[in-house]
Amino acid sequence: MQSIIKVDLGPQSYNICVRSGGLDELGSLMGDLSLGKKVLLVSNQSIFRQYGERATAALESAGLEVSSCILPPGEQYKTLNSVQKIYGAALANRLERSSTMVALGGGVVGDMTGFAAATWLRGINVVQVPTSLLAMVDASIGGKTGVNHPLGKNLIGAFHQPRLVLIDPDVLKTLPAREFRSAMAEVIKYGVIWDAELFGKLENCKRLDQMRYVKADLLAEILSRSCQAKAEVVSKDEKESGLRAILNYGHTIGHAVESLTNYKAINHGEGVAIGMAASSRLAVELGMWDRECDRRQSALIEKAGLPAKLPAGVDVEEILHTLQLDKKVQDGKVRFVLPVRLGEAAVSDRVDGDLILQVLKEML
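Within any chain, residue numbers begin from 1 and follow the written order of that chain's sequence. Totals for whole chains, interfaces and linings use every residue, but because this is a predicted model, local features are given only for residues with pLDDT of at least 70 and side-chain atom pairs only at 80 or more, for both listing and counting. Heavy atoms from the whole structure form the basis of all side-chain values; hydrogens and water molecules are not counted.

Under an unreviewed UniProt entry, the protein chain has the name 3-dehydroquinate synthase and belongs to Phormidium nigroviride PCC 7112. UniProt positions are given in the numbering used here, feature names are shortened, and annotations may be inferred rather than shown by experiment. Reading the Sequence similarities (unreviewed entry) entry of the UniProt record for the protein chain gives the comment "Belongs to the sugar phosphate cyclases superfamily. Dehydroquinate synthase family."

Next up, the structure:
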């Protein structure tokens, strides 16, 4: 499996390199980009145990000086305290403005490493090496970096584009089933908001809840089409001044549910699936999207083994309150991404609180 997708941002352009066995070529691929001699490899304990030695060997074989910073795994550690540990490792290993941080891990590692790179010495290079399907199709691309605040997800952050995104599909062989399902929420999202053909290909697959049921050719399509969709949107709108907002489909309510369950009971993809189910119903109620499309989306969410109901114990009034803290609020109004037709979505601020409560209560 091999493809190269360009994120076209003028002087900040970079490639997404999808290559089986690519992890062993990390050093040579970086060498072609003149990213300095010193590299700080940031990962978490479980990912580093599996792939740390290979990544380090690949970097050292290219003549790079490699140090590492290993963090505990989990969304609950996506905090400024963890970023301080990355800063500490950067200082201890004398990273310079020409140096590079390499994020080896899922979206949590990628977001924190990107934020640390954006702010260390006012900005140094970062390379993303995602090891989860969710990070491959979404988090590693586009330059959004950040950490969570106790009151909201990703409220602290910066835009900082990577110099390279290296996707090695072979590492997905060790991906836990729940993490695979979580990623399918983002893939379904791309089908709804941008790529109706991808949506149809997902519908033709009998099961989407485990990777072993997804044939290699479909996995290749999922990776290439999802990355292409994100690259196209980001290339048109780097810093979310307009079109890029559609990438937040399902995320507004999803982030609120994640936050209210302390990032433990519901993971990111599960939250997005719940958010997509809610946004789809809001769009139906507003006459923007038909019930048949809502049914088809619901069927895909179910096929992927993802939730479409709110978890027990979550207060719908609390969700409504948390929505007001969302970073996409504008002039006091919550902005929702709502589907219009398969392959197209729009941003709306005309969703009132009563309608949100009505839909959320139906999802209990």
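Help me understand the pattern of salt bridges, please; the structure alone is not making it clear to me.
Pairs can form between side chains of opposite charge whenever their charged atoms are close. In what follows, salt bridge is the name for a side-chain nitrogen of Lys or Arg lying within 4 Å of a carboxyl oxygen of Asp or Glu. In the structure shown here, the tally under the stated rule is 18 salt bridges. Across the salt bridge formed by arginine 296 and glutamate 203, the nearest N and O atoms sit 2.7 Å from each other. Of the two residues, arginine 296 sits in helix 11 (residues 291–303) while glutamate 203 sits in helix 7 (residues 196–203), which places them 93 residues apart along the sequence. Classification of arginine 296 as partly exposed rests on a relative accessible area of 24%. Working definition: helices are DSSP H or I runs of at least four residues, strands are E runs of at least two. Numbering for both runs from the N terminus. The buried label applies to any residue whose accessible area, calculated with a 1.4 Å probe on protein chains only, is under 20% of its type's maximum; exposed applies above 50%, and partly exposed to all values in between.

Sorry if this is basic, but what is going on with the UniProt feature "binding site: NAD(+)" (unreviewed entry) in the protein chain here?
The UniProt entry lists Gly107, Val108, Val109, Gly110, Asp111, Thr131, Ser132, Lys144 and Lys153 under the feature "binding site: NAD(+)" (unreviewed entry), expressed in the numbering used here. Accessibility expressed as a relative area gives 7% for threonine 131, which makes it buried. A distance of 2.6 Å separates the side chain of lysine 153 from the side chain of glutamate 75, its partner in a polar contact. Two N or O atoms form a polar contact when they lie within 3.5 Å of each other; inside protein one atom must be a possible hydrogen donor and the other a possible acceptor, and for residues adjacent in sequence the pair counts only when both atoms belong to side chains.

Help me understand the domain arrangement of the protein chain, please; the structure alone is not making it clear to me.
By a widespread convention, an interface's size corresponds to the accessible area lost as its parts come together. Just so you know, the domain bounds were taken from an automatic or database domain assignment. Split into domains, the protein chain comes out as domain 1 (2–174) and domain 2 (181–362). Spacing between the C-alpha centres of domain 1 and domain 2 amounts to 26 Å. Here, two residues are considered to be in contact whenever any of their heavy atoms come within 4.5 Å of each other. With 34 residues of domain 1 in contact, the opposing surface of domain 2 contributes 32 residues. The term buried area denotes the loss of accessible surface (1.4 Å probe radius) that occurs when two parts are joined, taken as the sum for both partners. For the domain 1 and domain 2 pair, buried surface summed over both sides reaches about 2700 Å², with 67% attributable to carbon and sulfur atoms.

What am I meant to see in the sheet that holds strand 2 (residues 14–19) here?
Two modes of strand pairing occur in sheets, parallel and antiparallel, and in both the strands are linked by backbone hydrogen bonds. Pairing is mixed across the open sheet formed by seven strands, whose spatial order is 1-2-9-6-5-3-4. Strand pairing shows two members of the sheet lacking a second neighbour, strand 1 (2–7) and strand 4 (65–71), which therefore form its edges. Ignoring which end each strand starts from, the neighbouring axes of this sheet average 15° apart. In this sheet, strand 4 lies alongside strand 3 (residues 38–44) in parallel orientation, the contact comprising seven bridges. Across the sheet, the residue bridging to asparagine 44 is leucine 71, located in strand 4. To define axes, lines are fitted to C-alpha atoms, for helices over the stretch in contact only, and angles between the resulting N-to-C directions are given on a 0 to 180 degree scale. Against the sheet, helix 3 (residues 80–92) touches strand 3, strand 4 and strand 5 (100–105), its axis set at about 160° to strand 4. Here helix 8 (residues 216–236) sits on the sheet in contact with strand 1, strand 2 and strand 9 (164–167), set at roughly 10° to strand 1. By the convention used here, strands pair only if DSSP detects at least 2 bridges between them.

I keep staring at the side chain of asparagine 125 and nothing clicks. Help me out?
Its place among the elements puts asparagine 125 in strand 6 (residues 125–130). A residue is classified by how much of its surface remains accessible, and asparagine 125, at 13% relative accessible area, is buried. A distance of 3.1 Å separates the side chain of asparagine 125 from the side chain of arginine 163, its partner in a polar contact.

Please clarify how the packing of aromatic side chains should be interpreted in this entry.
To describe a pair of aromatic rings, you give the distance between the ring centres and the angle between the ring planes. Classification of ring pairs rests on two measures: the distance between centres of Phe, Tyr or Trp rings, Trp counted by its six-membered ring, which must be within 6.5 Å, and the angle between planes, read as stacked under 30 degrees, edge-to-face over 60 and tilted in between. For the coordinates displayed, the defined rule picks out one aromatic pair. Ring geometry for tyrosine 87 versus tryptophan 120: centroids 5.7 Å apart, planes at 25°, classification stacked. Taken as a pair, tyrosine 87 in helix 3 and tryptophan 120 in the loop between helix 4 (107–119) and strand 6 lie far apart in primary sequence, 33 residues in all. Accessibility assignment for this pair places tyrosine 87 and tryptophan 120 in one class, buried. Sitting over the face of the ring of tyrosine 190, lysine 189 holds its NZ or CZ atom 4.7 Å from the ring centroid. Only when the NZ of Lys or the CZ of Arg is both within 6 Å of the ring centre and within 35 degrees of the ring normal is a charge said to sit over the ring.

Quick question: what am I supposed to make of the nonpolar core here?
One broad trend across soluble globular proteins is that nonpolar side chains are buried collectively. By convention a nonpolar core is built from buried Ala, Val, Leu, Ile, Met, Phe, Trp, Tyr and Cys residues, the set being connected through side-chain atoms within 4.5 Å. Grouped together as the largest cluster of nonpolar side chains are 102 residues, with contacts concentrated most on Ile16, Leu26, Met30 and Met184. In this structure, this core is formed jointly by two domains, domain 1 (2–174) and domain 2 (181–362), each of which donates at least three residues.

Please explain helix 2 (residues 45–60) as it appears in this structure.
Turn by turn, an α-helix covers 3.6 residues, leaving residues three or four places apart pointing in a common direction. The sharpest bend along helix 2 measures roughly 60° and falls at tyrosine 51. What helix 2 keeps buried is the set Ile47, Tyr51, Gly52, Ala55, Thr56, Ala58 and Leu59. At its buried positions, helix 2 is contacted by helix 1 (26–31), strand 3, strand 4 and strand 5. The bend at a residue is defined as the angle formed between two axes, one fitted to the seven residues ending at that residue and one fitted to the seven starting there.

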